[in-house]
Amino acid sequence: MAEYVVSLVIESIAGQMVDEAVSLARVRDQVEWIQGELRRMLCFLKDADAKQDGDERVRNWVADIREVAYDAEDVIDGYILKMMQQKEKALIRLFNRYPFFLNELVARYKLNKQITRIKLKIHDISNGRSTYGIENIGERVEGASFAVNSLRERRRSYPHSSEEETVGTDEDIKILEDQLINGDLRLSIISIIGMAGLGKTTLAKKIYGSSSINKYFDCRAWIYVSQEYKAGDILRDLCKKVMGFRKAELERMHREEMEEELSSVLEQRRFIVVLDDIWNKEAWDDLKPVFPDTKNGSRIIFTTRFRDVALHADPRSRPHEPCLLSDEDSWKLLSKKICLEWNAMTSLPAWTEELGIQIVKKCRGLPLAIVVLGGLLSRREATYEEWLKVLQSAHWQLLRDPTQCLDILALSYHDLPYYLKPCFLYFGLFPEDFEISVRSLNLLWVAEGFVQPRGQEPLEDVAEDYLEELVGRSMVQIAAKKFNGRIKTIRIHDLFRELAIKKAKEDRFFDIIHGDAKDCFLTRPRRISTSFGITPKTTNRSRIRSLLVFDQNEPRLKDLKKFKLLRVLGLESVHIGLLDSDVGNLIHLRYLGLEGTWLKQLPSSICRLLNLQTLDLRSTLIDPIPVSIWKLPELRHLFFNKIREMVVKPPKDVCLFSLQTLQGVCIGRTSSVELGLDKLTTLRHLSLFGHLNLQEEALRRWIFNSKGLQSLKLDSRTRGEDITRVTIPGFLDFSSHISLNKLYLGGFMLKLLNVQDFPPNLTELTLHGSFLMEDPMKTLEKLPSLRVLKLKHSAYVGKRMVCSSGGFPQLQFLKLSFLYSVGGWRIQEGAMAKLKELHIVECKRLRIVPRGLWPVTTLSNLKLGYMPSDFEMKARDRKGENWYRIEHVLPV
């Protein structure tokens, strides 16, 4: 983590020296010296970070470097803040600038003193390496290596691998055994993936020992790989288990000889080999030549935490990820563990079930945590009072002995590249069980400076890749996905959250205020998360870089000026009446999230936030919108309240040349797109509503010039007005928008649709209130990449729809709602071959389920809302062999 902190400070200093060249001109030499020293220290930190858990001297030395890096960042940012404030005062006192020059001299004098102190600290740290005997950090690995190896040994032989302690795996076993026995004859790699403690190894052992597997395969071997694998050791282990070689024989064989012997033996057998706990692609690449593919049904099973490792080994086999246990199965596992430990008992007293279910709920379905608590309970007296104590302290019990649970999870953390460590720790800032918006999370990471540039690629896209990597490493869980396959919301298991909080506090990365803030500020954290009506009231706030506040009811958030170096201010569902005008003094602020605050007014001082990247005003009551926000030069993402119609009237001299997202903009009767909005052509996401029909030509030119658009929502609210029917060619031509993949058109009465007018790579389309007279399916089914289609509220007013054979080749989700006139729908065989989910809401004339729907074997979910009762009955009659489920939904 220190490696990340120092590298981030180095990049921050470099950026400040460019952006604030004038302010730092007179102290440039001192700042460059600090930057150079930190860069030299960075060379040692990679080894030191990995070894600090096993050597307290290294840990203290790393902490000293982290502290001096923080100090350097604070000193430079504080100086820039002071100079900006002095410049503003000088502009006010235009005819008396003497005080400004005097204050500048004072500020520079203070900066020089602070830099001198930092130089002394850096010299002490450099000398400390030899003083404390840690010059050769790379060679001092014994303690750390022993600790990690013993931890892996415990993980390998952990009691949870006992067959008697498995529950809820019957369906997993059935699926995997079918793949192993009835799959392709080619050599296949069947991967079991998931987070630490999920029971991957346990599941693999149960399959490996099953009678059906023993009968089908005539050669078996179980190999433990681990993070620190050695190819030679693994080959020797394979030779012993496959060919029965003795240790003395193996010691005389070269690697090439072992590979040749193994390959020749396996060629003649139908084998199954389990490679347990494989961590990287290189391990498989080293072992792959040993396993011949003789097309006889041989198999290899992986257990791994990493999806990319599984897909690298066999892209044609889908990795299998077991689910977390249900409460019922969690209780079964807990009771089996306790009974196994007690030996004499075959069942638990009746009173234990109620408390036991509450206890396992604390584990969130993670088998490892359940087994740990089961072992704890088995050593307690079987009384209600003792079990109640465990319930009340379940999380503390799991954390008390890290080697039992937390350190096993920590192996995943230690394996992270340094740039992902702060991203993972950041999850600890959010409340327990909080469902985190991926869009907001990515913008927070960018504002914090966690995301490293990759050429010309937008930082937000890089952040999305970071998140995908954490998901692939099974460290965070997908809570909800969009129908285009991208992640919508994310959550983290409670134990991984506890790990993040523990590591963050050790590194002063953040702290969480639960009650009295005094203890929190003894650790001098860089970030604070607070909730439930608690506001940090301590005076020591100057070093805080981020403040996230959840679920609070404060009439006014006061004393913001004391958070003078703040970069992130996120207020989630915080009911505040006013935002302090001091927010304008936070010149380093990059993220201001006010979603759900019901804020009524933004202070005019917001115009001074020249570094602001994201301004989120969703679910606020702000009216009018300050004109000054259209002149914030670094603003990249601007979200308005899309529920409450606040007419936006930007000035002609709009300066948002970096803006990527503009959402919830209301165009009024007297608004004009040509008075500033049309200059915003760098947009990737645009959402407009209001009287759009009155500005068709201006809109057409603006959108035509915005070639980088990825999503576009146009909702023309024109109730009670006469509107001329327009075609897409007459209004908008999307054929040149190759990046546009999501399109919403609402309130535009369309005559007809032409395929060539749509974006060539469109994946999601919504038509709302289009009043199409001709069947839209004959056009839309030709869109080659369309995966999501929603026809809503009289999008089509004809009577019949036909989906042709071969049409909609990629469609996975289809929603038909409030199509009152549609009475017939024909689906030809071969249409919508990949459809997974179908929603039909309030289409009351549609009484017959199309016959062509039944051959669509991918369909898994049919949702009906306010449909005729006979339609539902016919759907259930034709359901056949239960290959999809029927649900009721309310009209949306």
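Residues numbered from 1 in each chain as written. Predicted model: local features only at pLDDT ≥ 70, side-chain atom pairs only at ≥ 80, totals over all residues. Heavy atoms only, no water.

The protein chain goes by Disease resistance protein At1g50180 in an unreviewed UniProt entry, where it is assigned to Herrania umbratica.

*Asks:* How do you make sense of the nonpolar core when you look at a structure like this?
*Replies:* The tendency in soluble globular proteins is for nonpolar side chains to be buried as a group. Of all hydrophobic cores here, the largest spans 101 residues; its most connected members are Trp 630, Leu 662 and Trp 825. No other element matches helix H25 (residues 696-705), which puts four residues into this core. In this structure, Leu 662 is in contact with Trp 630, Leu 638, Phe 640, Leu 677, Leu 680, Leu 683, His 685, Leu 686, Ser 687 and Trp 702, ignoring residues within four places of it in sequence. Judged by nonpolar contacts, the second largest core, of 79 residues, contains Leu 334, Leu 409, Ile 436 and Tyr 591. (Core = buried A, V, L, I, M, F, W, Y, C linked by side-chain atoms within 4.5 Å. Buried < 20%, exposed > 50% of the residue type's maximum accessible area, 1.4 Å probe, protein only. Helix = DSSP H or I, 4+ residues; strand = E, 2+ residues; numbered from the N terminus. Contact = heavy atoms within 4.5 Å.)

*Asks:* How should the sheet that holds strand E7 (residues 487-491) be read in this particular structure?
*Replies:* Backbone hydrogen bonds are what pair the strands of a sheet, in a parallel or an antiparallel way. With respect to topology, three strands assemble into an open sheet ordered E5-E7-E6, the strand pairing being antiparallel. Taken across any chain shown, the strands that pair with only one partner, and hence form the sheet edges, are strand E5 (436-437) and strand E6 (477-481). Where E5 lies against E7, two bridges are found, and the strand directions are antiparallel. Paired with Ser 437 across the strands is Thr 489, a residue of E7. (Pairing = 2+ DSSP bridges.)

*Asks:* Please explain unusual backbone geometry as it appears in this structure.
*Replies:* Glycine aside, negative phi is the norm for most residues, and most peptide bonds take the trans geometry. With phi around 55°, Phe 771 is a residue other than glycine that occupies positive phi space. Here Phe 771 shows up in the loop between strand E21 (764-768) and helix H27 (777-780). In the Ramachandran plot, Phe 818 falls in the positive-phi region, its phi being about 55° despite a non-glycine side chain. When you line up the elements, Phe 818 lands in the loop between strand E24 (813-817) and strand E25 (824-827). According to the relative accessible area criterion, Phe 818 is buried, its value standing at 10%.

*Asks:* Explain the sheet that holds strand E1 (residues 188-193) here, please?
*Replies:* Overall, parallel pairing links the four strands, which are arranged E1-E4-E3-E2 in an open sheet. Whereas interior strands pair on both sides, the edge strands pair on one side only; in this sheet they are E1 and strand E2 (219-226). This sheet shows a mean twist of 15° between the axes of neighbouring strands, independent of strand direction. Direction of pairing for E1 relative to strand E4 (residues 299-304): parallel, over a ladder of six bridges. (Axes fitted to C-alpha atoms, helices over the stretch in contact; angles between N-to-C directions.)

*Asks:* When you look at the packing of aromatic side chains in this model, what are you seeing that I'm missing?
*Replies:* In this description, a pair of aromatic rings is defined by centroid distance and the angle of the planes. Applying the stated criterion to the full structure yields 22 aromatic pairs. Seen in terms of ring centroids, Trp 284 and Phe 302 are 5.5 Å apart; in terms of plane orientation they differ by 75°. Their pairing is edge-to-face. Of the two residues, Trp 284 sits in helix H12 (residues 281-287) while Phe 302 sits in strand E4, which places them 18 residues apart along the sequence. On the accessibility criterion, Phe 302 (0% relative accessible area) is buried. Judged by centre distance (5.7 Å) and plane angle (75°), the ring pair of Trp 351 and Trp 387 falls under edge-to-face. Highlighted residues: Trp 351 in the loop between helix H14 (327-342) and helix H15 (352-361) and Trp 387 in helix H17 (residues 384-392), separated in sequence by 36 residues. Here Trp 351 falls in the partly exposed class, since its relative accessible area comes to 28%. Ring-pair connections join several aromatic residues into one group, and the members of that group are Tyr 426, Phe 430, Phe 434, Phe 450, Phe 509, Phe 510 and Phe 550. If you follow Lys 205 out to its NZ or CZ, it ends over the ring of Trp 222, 5.8 Å from the centre. (Phe/Tyr/Trp six-rings, centres within 6.5 Å; stacked < 30°, edge-to-face > 60°. Lys NZ or Arg CZ within 6 Å of the ring centre and 35° of its normal.)

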